[in-house]
Amino acid sequence: MALFLKQQLDRLYSRYHSRSWVHPDPLEFLYLYRHGEDREIAGFVASSLAYGRVAQILKSVSFVLQEMGESPFVFLKTSSPEDISHLFRNFRHRFTSGADLAQVLIAIKKVLEKHGSLYSCFLSAYDPSGETVLPAITSLTDEIRSHMTGSRNSLLPMPARGSACKRLNLFLRWMVRADAVDPGGWSGVSPSKLIIPLDTHMHRIALLLDLTRGKQANMKTAMEITLSFRRFAPEDPVRYDFALTRLGIRQEESVHSFLERCGGT
């Protein structure tokens, strides 16, 4: 059964793992930036806003990045906190207010001043011998939060509370993997340490494929699903994430038809 499932996952990967299948996906904004310092900022913004209806996600991400100009990195380095707060004062994306967005951007600005880049900040806590990137994720969010006021912000999860950190793990997939879809740039982090970006869609598929028994889409379940995917791709456990999330987007293949092929229900 495991071999057959791997064959079906590889078939899906071969069919959908292409840039021609990216739109509509906030990942497409990262292709606009040649420099890693800009791409990581754009990626953080795009992944942080990746919740809700796709059309609204694309509209919100496009607006924020246009306001930041050709270089998001230069924008954060040269803009004052007051300028950032004023620029996004009327922004709204579902639960995210302009104040939420500005607070995170100002905090990232301070991280850049301290570490030089988000990548350097992440690497400072990354252990190549560790099982996953979770400790480094926790350290990165703690560092960003240390420059913020208040404990809650719709754009920044709290790993210590068991959040699946779907959007952060999506960001890391984009930044660490480098292939036809994911642009990469964070070459010092091994793809083998990545955690599956877990949302309700991926959780449902994983349950039906018997990749997890976890009933909640939390970090514990995300880790269990990641371990299951390691059976098929130990060096790249999130290899199939993009292809699986394409199911049903353009009606060429649905979740139901894929599960039927795999013998699920």
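An account of the accompanying structure is given in this report. (Residues numbered from 1 in each chain as written. Predicted model: local features only at pLDDT ≥ 70, side-chain atom pairs only at ≥ 80, totals over all residues. Heavy atoms only, no water.)

### As for the overall build of the protein
For clarity, the cut-off: Numbering of helices and strands starts at the N terminus; helices are DSSP runs of H or I of at least 4 residues and strands are runs of E of at least 2. With the radius of gyration taken over C-alpha atoms, the globule rule is written as 2.2 Å times the number of residues to the power 0.38. Each residue's exposure class comes from its accessible area (1.4 Å probe, protein chains only) as a fraction of the maximum for that residue type: buried when under 20%, exposed when over 50%, partly exposed otherwise. Contact criterion: two residues are considered in contact whenever any of their non-hydrogen atoms come within 4.5 Å of each other. Note on areas: these come from Shrake-Rupley sampling with a 1.4 Å probe, and a residue is covered only by the protein chains present in the view. Charge assignment in this entry is limited to Lys and Arg as positive and Asp and Glu as negative, and neither His nor the chain termini are counted. By convention, the point assigned to a charge is CZ for Arg, NZ for Lys, CD for Glu and CG for Asp.
Secondary structure summary: the protein contains 13 helices and two strands in total. What you see for the protein is a C-alpha radius of gyration of 18 Å, in line with the 18 Å of a compact globule of 265 residues. Overall, the C-alpha framework of the protein stretches about 55 × 40 × 35 Å when taken along its three principal axes. When each of the 265 residues of the protein is scored for burial, the buried share is 53%. Considering only intrachain contacts with a sequence separation of at least 6, the fraction spanning at least 24 residues in the protein is 67%. Surface summary for the protein: the accessible area is close to 11900 Å², and the carbon and sulfur share equals 52%. Averaging the locations of the 33 positively and 27 negatively charged side chains of the protein gives two centres separated by 5 Å.

### Looking at the layout of surface pockets
This is how the line gets drawn: Whether a set of points on the 1 Å grid over the protein atoms alone is a cavity depends on a 1.4 Å probe fitting there but being unable to get out, while an open set qualifies as a pocket with protein on both sides within 12 Å along at least five of seven lines; lining residues are those with an atom within 4 Å of a point. Grid points are joined across faces, edges and corners, and a volume is the space filled by probe spheres set on the points.
The space that makes up the largest pocket amounts to roughly 400 Å³. Lining the largest pocket we find 20 residues, and of these Asp 25, Lys 166, Asp 199, Thr 245 and Arg 246 sit closest to its centre. At the level of elements, α3 (54-68), α9 (166-176) and α12 (241-246) are the ones that each hand at least two residues to the lining of the largest pocket. Looking at the lining of the largest pocket element by element, the count peaks at four residues for α9.

### Side note on the packing of aromatic side chains
Worth spelling out the cut-off: Aromatic pairs are defined between Phe, Tyr and Trp rings, using the six-membered ring for Trp, whenever the two ring centres lie within 6.5 Å; interplanar angles under 30 degrees are classed as stacked, those over 60 as edge-to-face, and all others as tilted.
In total, this model carries twelve aromatic pairs according to the counting rule given. Judged by centre distance (6.1 Å) and plane angle (10 degrees), the rings of Phe 63 and Phe 91 are stacked. With a gap of 28 residues between them, Phe 63 in helix α3 and Phe 91 in the loop between α5 (81-87) and β1 (92-93) connect regions that are remote in the sequence. The class for Phe 63 is partly exposed, based on a relative accessible area of 35%.

### Quick notes on the environment of Phe 75
Considering the arrangement of structural elements, one finds Phe 75 in helix α4 (residues 72-78). We classify Phe 75 as buried; its relative accessible area is 11%. Through-space distance from the C-alpha of Phe 75 to that of Lys 109 is 9.2 Å; in sequence the pair is 34 residues apart. Apart from residues lying up to four places away in sequence, Phe 75 is in contact with Glu 67, Met 68, Ile 84, Leu 87 and Phe 88.

### Observations regarding the environment of Ser 97
Turning to its location among the elements, Ser 97 is positioned in strand β2 (residues 96-97). Given the relative accessible area of 16%, Ser 97 is considered buried. For Ser 97 and Leu 155, which are 58 residues apart along the polypeptide, the C-alpha to C-alpha distance reads 9.7 Å. If sequence neighbours within four positions are ignored, Ser 97 has contacts with Phe 91 and Arg 92.

### Digging into the pattern of salt bridges
So the rule is basically this: Salt bridges, as used here, are contacts in which a Lys or Arg side-chain nitrogen is within 4 Å of a carboxyl oxygen on Asp or Glu.
Considering all chains together, one arrives at eleven salt bridges under this definition. Residue Asp 182 pairs with Arg 173 through a salt bridge whose shortest N-O separation is 2.9 Å. The exposure classification of Asp 182 matches that of Arg 173, with both residues buried. Between Asp 182 and Arg 177 there is a salt bridge, with the nearest N and O atoms lying 2.7 Å from each other. Here Asp 182 matches Arg 177 in class, with each residue buried. Through salt bridges with shared partners, a single ionic network connects Arg 173, Arg 177, Asp 179, Asp 182, Asp 236 and Asp 241.

### Looking at the nonpolar core
Across soluble globular proteins, you tend to see nonpolar side chains buried next to one another. Our working rule: For our purposes a nonpolar core is just a set of buried Ala, Val, Leu, Ile, Met, Phe, Trp, Tyr and Cys residues, chained together by side-chain atoms within 4.5 Å.
In terms of nonpolar packing, the biggest core is built from 89 residues, with Met 68, Phe 122 and Leu 244 touching the most fellow members. Among the elements that take part in this core, helix α6 (residues 98-115) stands out by supplying nine residues, more than any other. With sequence-adjacent residues up to four places away left out, Met 68 is seen in contact with Ile 41, Val 45, Phe 75, Leu 76, Phe 88 and Leu 105.

### Here's the deal with the side chain of Thr 132
Where we set the bar: In the analysis that follows, any N or O atom pair within 3.5 Å is treated as a polar contact, provided that within protein one partner can donate a hydrogen and the other can accept it, and provided that, for residues neighboring in sequence, both atoms belong to side chains.
Its location among the elements puts Thr 132 in the loop between α7 (118-123) and α8 (134-145). For Thr 132, the side chain forms a polar contact with the main-chain nitrogen of Leu 134, separated by 3.2 Å. If we skip the residues at most four places from it in the chain, Thr 132 touches Lys 193, Ile 195, Met 223 and Arg 230.

### Looking at the state of the cysteines
Convention followed: Note on terminology: pairs of cysteine sulfur atoms within 2.5 Å are recorded as disulfides.
Throughout the structure, instances matching the rule amount to zero disulfides. Unpaired in this structure, Cys 121 has its nearest cysteine sulfur neighbour in Cys 165, at a distance of 15 Å.

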